[in-house]
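Commentary on secondary and tertiary structure
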Amino acid sequence: MYDSPKNKEIDILTEENKQEISAAMIVKNEEKNLSRCLTSIKDHVDEIIIVDTGSTDNTMKIALSFGAKIYEHPWENHFSKHRNQSIGYATKDWILYIDADEELLFNNRTELRTLLDSCSDVDAALLTVECEIPGGGRSKHNSIRLWKNHQGIHFKGRVHNEVTGVCSGRHIPARLFHYGYNIDQESRKKKFERTTTLLKKEIKANPKHPRPHHYLGISYMEQNKYKEAIAAAETAISLASAQEDKSDLYSGSYHVISSASIETRDLDRAEHWALEALKQYQNHLDSYYNLSRIYYEQKNIHQLRDYSTRYLELLTRINKTPEEFGTCIFFTTGLKWLVRLYRACAFMDRGITHESDEELNKAMTGCPDKGQFHHLLAGYYMQRKKWQASEDEFKKALLESPDCPEIISDLARLYKQQDRLEDERTQIKMLLRTKPDDIKIQFALGVNYLRQNRIDEAEVWLKKVLKADKDHLGSRINLAVCLRKKGHFEESKAISMKILEEHPDSLEALSNLSHIYYTTQDYEKAQEHFTRISINYPDQLDTYVFLSQIFLITGDIESCVIACDNLLRLLDLKRDIVLNSLKDLGEKFLEIAEKLLSADKPYLSRISSETGQILTSDEVNA
């Protein structure tokens with residue numbers, strides 16, 4: 001069907017036999033988009049046909065101002081039916097099909113009718129459609145949008161319609177830019193619900209057709225429903241394979257599975273599906289992108305360099321000669337800068353300074369959102385505990401995007417990791433000013449106060465969270481800690497015991513009860529609860545510090561030795577030793593105390609030191 005215009009002679013039509021064009025579309029409440037769309041086509045078409053399916057805003061008034069012919073049809077939950085109604089009213093030689101949220105663009109100053117001069121021997125023309133997609137990417141594909149009238153060419157499918165009846169087509173250098181995803185979250189949710197409902201009706205009517213499963217996977221992916229996206233995309237691929245349907249369309253299903261697997265941190269699965277896609281579609285740009293991202297995450301610089309280079313080379317070809325790539329949809333054409341950033345970070349990890357600087361500069365130059373660039377780079381430095389570099393990049397990001405909650409939140413996380421609690425609290429309060437009723441932010445502020453031992457303030461914010469959500473587990477746990485620190489042991493105990501009824505292995509609730517019993521010198525119950533922790537969570541340092549002291553107090557020296565051995569294990573201290581006396585055991589606890597102090601755990605160090613001093617005292621060893 002598809003034919004490249006290369007080496008084709010263009011027959012210049014005379015004024016007398018010049019081809020005329022009808023533009024056709026369906027609309028409903030498109031007052032925000034329609035003027036832009038009609039302005040872009042008005043000088044290139046000879047009539048504008050609009051089927052309105054129930055507008056209640058100024059859509060029809062705007063259409064009339066452009067001289068459009070308007071036909072009203074009630075919405076019947078079937079896009080193809082209404083699209084076919086619109087093209088049925090067209091009277092000219094060719095039909096341009098365009099949506100109200102699209103804009104006709106040209107690479108150079110040109111005339112659409114002139115471009116049709118090269119299409120006298122085909123019945124359709126393909127235009128390149130570009131679209132910004134959620135998450136900062138950009139998609140690009142060639143789509144049949146122009147065809148000869150009265151040839152039986154029409155749409156089919158309730159949603160994500162397919163043009164059928166075309167015998168041969170040729171790409172022309174004109175573009176459509178689709179603005180359909182430039183909508184707020186609520187509108188996006190409504191669009192998702194409408195689209196998936198119609199797709200599920202398509203599946204019910206024809207369960208073996210892979211196309212609606214493919215688009216269902218894409219819809220789920222756009223809403224971050226990764227498990228559902230993978231399932232739908234796998235079904236699409238399986239059905240297409242069984243029917244030997246080798247359409248370029250299903251390359252997108254491979255991309256959905258690979259991308260969703262990356263997001264769920266299943267990198268082996270993501271790699272498998274990206275490589276499988278390349279076996280079927282050797283020029284599949286999105287798989288080269290996914291593999292670049294996978295190998296960046298895996299710190300595999302050789303594979304990253306290889307696949308990212310192929311991505312960059314292929315993207316250049318797609319942008320220069322889109323007609324070579326048929327109707328394959330590429331979702332990652334706007335992520336060149338991000339591939340450059342992956343390369344820069346990988347080179348930095350290896351100390352390849354010249355190449356990292358060069359790639360970093362290209363990444364920043366190409367990134368349309370400098371705040372996003374600095375934010376991602378800050379995250380890279382934070383992962384590697386390069387605190388100052390990370391903070392510098394976060395501050396640059398905030399200069400570009402001062403009110404971005406994600407940047408502020410991640411900067412707060414950076415400060416938390418460094419125990420810079422006052423700086424963290426400043427960022428949390430900035431977030432709280434924009435979202436004063438957000439319980440996640442309120443909870444973070446309560447925990448911040450608790451970590452600084454500002455118990456009363458912590459209690460205020462934790463209770464605010466519980467007023468909005470009485471079952472909020474984190475706030476219940478930390479409120480119990482506040483009450484314990486204030487000496488309200490019975491209240492604290494009641495909360496922790498209730499949590500353990502619901503979550504029997506809750507480390508936090510067990511720990512709080514253990515400390516209550518330890519503080520109130522109920523050593524039998526303290527030992528019972530600390531022992532439960534050691535069984536369920538064998539790598540908790542504080543558990544063995546307290547158990548060792550309890551065992552010493554209760555005279556269980558054998559168990560005290562076992563607790564000591566666990567501390568030596570966790571602190572990576574020498575264990576293969578023979579203890580000849582309690583003094584020898586005490587010396588090991590003093591060694592443990594020093595290691596805990598160097599690890600910035602002064603409270604645990606003090607308890608171990610007390611245990612060691614008792615065991616090495618003359619009174620005990622007399």
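Counting restarts for each chain, with residues numbered from 1 along the sequence as it is written. Only residues with pLDDT of at least 70 get local features here, since the model is predicted, and only at 80 or more are side-chain atom pairs given and counted; chain-wide, interface and lining totals rely on the full set of residues. For side-chain calculations, the full set of non-hydrogen atoms in the structure is used, while hydrogens and water are omitted.

Put simply, a disulfide is two cysteine sulfurs that come within 2.5 Å. Within the structure shown, the criterion is met by 0 disulfides. Of all cysteine sulfurs, the one in C367 lies closest to C404, which takes part in no disulfide; the gap is 12 Å. The closest cysteine sulfur to the non-disulfide-bonded C560 is located on C564, 7.0 Å from its own sulfur. Given the relative accessible area of 0%, C560 is considered buried. Whether a residue is buried, partly exposed or exposed follows from its accessible area with a 1.4 Å probe, protein chains only, as a fraction of its type maximum: under 20%, in between, or over 50%, in that order.

Fitted lines through C-alpha atoms give the axes, limited to the stretch in contact for helices. The angle between two N-to-C directions lies from 0 to 180 degrees. For helices the rule is a DSSP run of H or I covering at least 4 residues; for strands it is a run of E covering at least 2, with both sets numbered from the N terminus onward. Running from amino to carboxyl end, helix α19 (residues 455-468) crosses helix α20 (residues 473-485) at an angle of 150°, the nearest separation of the two axes being 9 Å. The orientation of α19 relative to α20 falls into the category roughly antiparallel. Crossing of α19 against α20: the hand is left-handed. Counted together, I455, A458, E459, L462, K463, V465 and L466 of α19 and S475, R476, N478, L479, C482, L483 and K485 of α20 form the full contact between these two elements. Polar here means any residue outside two lists: the nonpolar Ala, Val, Leu, Ile, Met, Phe, Trp, Tyr, Cys and Pro, and the charged Asp, Glu, Lys and Arg; Gly therefore counts as polar. Partitioned by chemical class, the residues of the contact of α19 with α20 number 8 nonpolar, 2 polar and 4 charged. An angle below 35 degrees is treated as roughly parallel, one above 145 as roughly antiparallel, one from 65 to 115 as roughly perpendicular, and anything else as oblique. Should the near helix be turned counterclockwise from the far one by less than a right angle, the crossing is left-handed, whereas a clockwise turn marks it as right-handed. When checking whether two residues touch, look at their non-hydrogen atoms; a contact exists if any pair is within 4.5 Å.

For two strands to count as paired, DSSP must find a minimum of two bridges between them. In terms of strand pairing, strand β3 (residues 47-52) meets strand β4 (residues 69-72) through 4 bridges, oriented parallel. Looking across to β4, one finds that I50 is bridged to I70. For a crossover, the right-handed case is the one in which the path from the first strand over the helix to the second runs clockwise, viewed with the strands pointing away from the viewer. Regarding topology, helix α2 (residues 59-65) serves as the crossover connection from β3 to the parallel β4, and that connection is right-handed.

This part is about the pattern of salt bridges. Each reported salt bridge corresponds to a side-chain nitrogen of Lys or Arg within 4 Å of a carboxyl oxygen of Asp or Glu. Throughout the structure, instances matching the rule amount to 43 salt bridges. As a salt-bridge pair, E276 and K279 come within 2.9 Å of each other at their nearest N and O atoms. Of this pair, E276 and K279 both sit in helix α9 (residues 267-280), 3 residues apart, which is roughly one turn of that helix. In this structure E276 comes out as partly exposed when scored by relative accessible area, which is 22%.

The subject of this paragraph is unusual backbone geometry. Positioned with a positive phi, N29 is a non-glycine residue whose angle comes to about 50°. In this structure, N29 sits in the loop between β2 (21-27) and α1 (34-41). Using a relative accessible area of 34% as the deciding quantity, one classes N29 as partly exposed. The backbone phi angle of E244 is positive, close to 55°, even though this residue is not glycine. Residue placement: E244 occurs in the loop between α7 (226-242) and α8 (251-263).

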